[in-house]
Every structure is written in C-alpha cells, then in structure tokens.
Amino acid sequence: MASSLAVINCSQVVTLAGPAHPRVGPEMRELSIVVDGAMLVVGERIAKIGTREAMEPLIETSGVECEIIDAGGRVVTPGFVDAHTHPVFAGTRVEEFELRALGSTYQEIAARGGGIQSTVRATRAATLDELVTTGKRYADWFLRTGTTTVEAKSGYGLTLEDELKILRAIDRLGRETPLRYVPTFLGAHDIPPEYKSRREQYVSLIVDEMLPRVAQEKLAEYCDVFCEEQVFTNDESWKILTSARCHGLGLRVHADQLSLSGGAKLAAELGTVTADHLERTNTAGIQALKSAGVQPVLLPGSVYALGSSNYPAAREMIDAGLAVVLASDFNPGSSPTPSMTMIFSIAATQLRMTPAESITASTINAAHTLNRADQIGSLEPGKFADFVIHDCGDYRDLAYFFGIEHAWKVYAAGRLVFARR
Ligand SMILES: [Zn+2]
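Okay, so let's go over this structure. (Residues numbered from 1 in each chain as written. Predicted model: local features only at pLDDT ≥ 70, side-chain atom pairs only at ≥ 80, totals over all residues. Heavy atoms only, no water.)

**Concerning the overall build of the protein chain**
Alright, step 1. Across its full length, the protein chain holds 16 helices and 15 strands.
Alright, step 2. For a compact globule of 421 residues, the expected C-alpha radius of gyration is about 22 Å, and the protein chain comes in at 21 Å, within 12% of that figure.
Alright, step 3. The principal-axis extents of the C-alpha atoms in the protein chain amount to approximately 70 × 45 × 45 Å.
Alright, step 4. Here the protein chain, with 421 residues, has 59% of them falling under the buried criterion. (Helix = DSSP H or I, 4+ residues; strand = E, 2+ residues; numbered from the N terminus. Rg over C-alpha atoms; globule rule 2.2 N^0.38 Å. Buried < 20%, exposed > 50% of the residue type's maximum accessible area, 1.4 Å probe, protein only.)

**Some details on the coordination of the zinc ion**
Alright, step 1. Of the protein atoms, only His84 (NE2), His86 (NE2), His254 (NE2) and Asp329 (OD) coordinate the zinc ion, at distances of 2.1 to 2.7 Å.
Alright, step 2. What the four donor atoms of the zinc ion show is an angle range of 79 to 162° at the metal, which sorts the shape as irregular. (Donors = N, O, S within 2.8 Å, 3.2 Å for Na, K, Ca; no water. Tetrahedral: all angles 85-135°; square planar, octahedral: opposite > 155°, others 65-115°.)

**Re the sheet that holds strand E15 (residues 415-419)**
Alright, step 1. The seven strands are arranged E3-E2-E1-E4-E13-E14-E15 in an open sheet whose pairing can be described as mixed. If you trace the sheet from one side to the other, it starts and ends with strand E3 (45-51) and E15, each paired once. Going across the sheet, the axis of each strand differs from the next one's by a mean of 35°, ignoring polarity. (Pairing = 2+ DSSP bridges. Axes fitted to C-alpha atoms, helices over the stretch in contact; angles between N-to-C directions.)

**Details of the packing of helix H8 (residues 234-246) against helix H9 (residues 263-270)**
Alright, step 1. At their nearest, the axes of H8 and H9 sit 11 Å apart, and the two run at 30° to each other. As the angle between them shows, H8 and H9 are arranged roughly parallel. Judged by the sense of rotation from one axis to the other, the crossing of H8 with H9 is right-handed. Contacts between H8 and H9 involve Asn234, Ser237, Trp238, Leu241, Thr242 and Arg245 from the first element and Leu266, Glu269 and Leu270 from the second.
Alright, step 2. When the residues that make up the contact of H8 with H9 are grouped by side-chain class, the tally is four nonpolar, three polar and two charged. (Parallel < 35°, antiparallel > 145°, perpendicular 65-115°, else oblique. Left-handed = near helix turned anticlockwise from the far one by under 90°. Contact = heavy atoms within 4.5 Å. Nonpolar A, V, L, I, M, F, W, Y, C, P; charged D, E, K, R; others polar.)

**Observations regarding the pairing of strand E6 (residues 147-153)**
Alright, step 1. Most of E6 sits out of view: seven of its seven residues are buried.
Alright, step 2. Judged from the four bridges that link them, strand E5 (residues 80-85) and E6 form a sheet pairing that is parallel. By the bridge assignment for E6, Asp82 is matched with Val150.
Alright, step 3. In this structure, E6 lies alongside strand E7 (residues 180-188), joined through five bridges in parallel fashion. Within E7, the residue paired with Val150 across the bridge is Tyr181.

**Focus on the side chain of His189**
Alright, step 1. Examined against the element boundaries, His189 turns out to sit in the loop between E7 and helix H7 (199-216).
Alright, step 2. Among the polar contacts made by the side chain of His189, one reaches the main-chain carbonyl oxygen of Gly155 at a distance of 2.9 Å.
Alright, step 3. When near neighbours in sequence (up to four residues on either side) are disregarded, His189 contacts His86, Ile116, Gly155, Tyr156, Leu158, Phe226, Val231 and Phe232. (Polar contact = N/O pair within 3.5 Å; in protein donor to acceptor, adjacent residues only side chain to side chain.)

**Quick word on the state of the cysteines**
Covalent bonding between the sulfur atoms of two cysteines is what defines a disulfide.
Alright, step 1. Throughout the structure, instances matching the rule amount to zero disulfides.
Alright, step 2. Cys223 takes part in no disulfide bond, and the closest cysteine sulfur, belonging to Cys246, lies 12 Å away.
Alright, step 3. For Cys223, a relative accessible area of 1% corresponds to the buried category. (Disulfide = S-S within 2.5 Å.)

**Side note on the environment of Gly103**
Alright, step 1. With respect to the helices and strands, the residue Gly103 is situated in the loop between helix H2 (94-101) and helix H3 (106-111).
Alright, step 2. Taking relative accessible area as the criterion, Gly103 reaches 53% and is therefore assigned exposed.
Alright, step 3. Taking the C-alpha atoms as reference points, Gly103 and Pro300, separated by 197 residues in sequence, lie 21 Å from one another.

**Topic: the packing of aromatic side chains**
Alright, step 1. Taken as a whole and judged by the stated rule, the model has twelve aromatic pairs.
Alright, step 2. A ring pair is formed by Phe387 and Tyr411, whose centres lie 4.5 Å apart and whose planes are at 5°; its orientation type is stacked. Of this pair, Phe387 sits in strand E13 (residues 387-390) while Tyr411 is found in strand E14 (residues 407-412), placing the two residues 24 residues apart along the sequence.
Alright, step 3. When its relative accessible area of 4% is taken as the criterion, Tyr411 is described as buried.
Alright, step 4. An aromatic cluster is defined as three or more aromatic residues linked by ring pairs; in this entry it consists of Phe89, Tyr138, Trp141, Phe142, Tyr156 and Phe330.
Alright, step 5. Geometry around Trp408 places Arg74 over its ring, the cationic atom sitting 3.7 Å from the centre.
Alright, step 6. Here Arg198 stacks its cationic end above the ring of Tyr195, 4.3 Å away from the centre of that ring. (Phe/Tyr/Trp six-rings, centres within 6.5 Å; stacked < 30°, edge-to-face > 60°. Lys NZ or Arg CZ within 6 Å of the ring centre and 35° of its normal.)

Function cannot be inferred from these measures alone, as they are strictly geometric.
Have a look at this one:
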C-alpha cells in the first residue's frame, strides 16, 4: 500500500479548485479556500481535502502508515508554478548590476559586449557537469521559496552543441532534483557575435539544424523567441516559430519588452501559448491577445531589477479578460530572483494585482500554459501533492510581508523537499 500523509490544522487550504479553463477576470480572485482545513495524500497524489470535521474520521481510518503533519494553524497553497525561467547558466552579472547602480544602462552594457553575451561566453566555456552543479544550487533556491515546477529555457549557448548541452542539463536537473522542469528551446535568445554581420545564417542554423535536433532528441516541449527589433525581427520570429510548430513544439514568445515592436500582435497571429513580458504592449495588443486566447506571462521582477518603471498593464489585461500569469524570469542579467513571493510584492505595489490574483497567476494559470493543469497548479484529488505550508496564517501575508521567505515545509509529489529548521 502506498504511504499516506495527512496535513492537519491548516488555517487556510488555498485549493484553487474550480473550472478546468485558465482563470480570467473575477475568477482570478476566487481561490476556493477551505478554512480550518486538512488534506490527505496517498503516495504522490492528493486523495481528499476538506474541513477538520469532515476529514478527522477519514484520517483516523486511513491506516497505521499515515504520517500526520501538524501545520500549526499555517496556510497551505499549491507549489508555485514558475512559467518563465532561465535557470541554466554559468557565472553571474554582478559587475553589470553594480555598473547599472552607477548609471550605465542595460543597452550600453550590452553594446560593450556585456549583457546576454557575457553569460553566453561563460556558459559555452562550462561543461555539462558544471552547469548541472550550479543548476542544482538554483533548484534548491526555487524549492525553498515554494516553487515546485519551473519552465526552463536554454538560450545561453547559441551554437548547436551548446544549446543541446543546456537542454541536457535541464533534463538531468529534472531527473536529479525534486523540482519539475518543463524544457523550452530558446536558441533565438540573441544573435551570437560571430553571426552579427550575417544574421540570416543564424536563423537558418536554428531552423535547419537546431530545431530538428532538439525535436528528434525530445529535449524541449516549447520553443521561444526573443522578438525585438534589435534581436529577432517579427519576420525572423515568424520563421522560427512556424518551423518549431512543424516539429511539434508549443510556442512562447518574448514580446514587447524593450519596445512596442508588435510582438503581442505576432503572438496573436501565430496563436502562441504565451506572450511574455509585454511591458510596452498597448490596448490594441491586449485585444489581439484576448481574441487569440494567448496567455500573458508578466515578469515584473525584471522591470524592478533593471531599475525601470515600465511595468506591464496587468490591470488592463485582467479587466480585458486575459488569463494572466506571473513568473520570476529568473536569469543572471535582468531578474536574479527565484522568489515568487517577492514577485507578489511587486505585483501588488506596481501592477495593482491583489494577493489572490497573484496566487492564481502563479499556480493554476501558469500550469495551463505548460499543458499540465490536470496534474499541478491546484490542490484537488488526483493531482500531484505539490504543496507548500507557509509560516503565516493568512494567504495575503505572502504578498504583504516582503523580503522574507514564508515557505516552512515544501512537498513535491507527496515527498518533503524542504523544511525550515
Ligand atoms: Zn526571459
């Protein structure tokens, strides 16, 4: 018989049980909370959730093997689903961070060979084992902040072999750590310096060599492109994404981050799963995403960490009926944080999203973009027991008290993967 555990004495079990579609509008504030709740887990899966009175008799008869976890009046939520991260890279960009504090801009630093290119140089020089070692450190950071699933992009290799190396590192991290990884191929993250004067050849390399190989080795579920006038134009992005679709990959796109370049419109025309960033997207772009059913993935951590104030129009997107997602954009350049609760704080103060909307955006709505909403993203019978016991009594505290980590115990597939002493 599979082992079972019962989580009892929870001030709130924030289940997010509800309709099977991504949550929009007022649905984003409906968390389906069980007050004074308990949860029974059998093996890797959730068996039942209910109030103390409803659950006590069940737990008593569930067998001698049942381990009792006393939450001590704390809040339980689903493990966070971080639908946009760049978690495999070598080195850091702490020098650039310091230069920006002294007044240099991201674009100036990139023009001097810094930015993404400096991480590309370091990552190309690193071995697969080295990338797995540093990746495990970051996996631990995600878990201890309550994130149990990450969408993980390549994109710091920009050669066939280096992109494969990063995707293989992601594959190993998924097997060697308790964190769930959903791999995305982002060979179109930047034009590598050796192709600057013949960029069309780099696009051909992606389409003719990288994508077929990534698909053949089943190293990615999604393909992403950094669509931006200075990076990949709309035409180039179109070419890469339509090719990726032919190889069976789902589509995501970095859109309208630095300029209103039409990325959101492109995402809508292609019917991508997500359009990410959207800091410059206007009302027409929002309407296009709505008509096409594209989910926006908002990344306020990168706006914050770059010292910018161009936050995306989250309120307008929610009011327009878009199924908004929040993610960390964890990466060494523009958003060096794995912390979803830090993102909640920025979302509340800068995007005017309520704590409830933030939780929906980083759990069930995020799971929908990864084609896993039937497995993760809410606490419902049959789903994986990926959950967090937070050291607070009200879920709103997760956004309100900032600069500390709330996760007290974190479980993935019914197994304890982090516990605070
Ligand atoms: Zn990104």
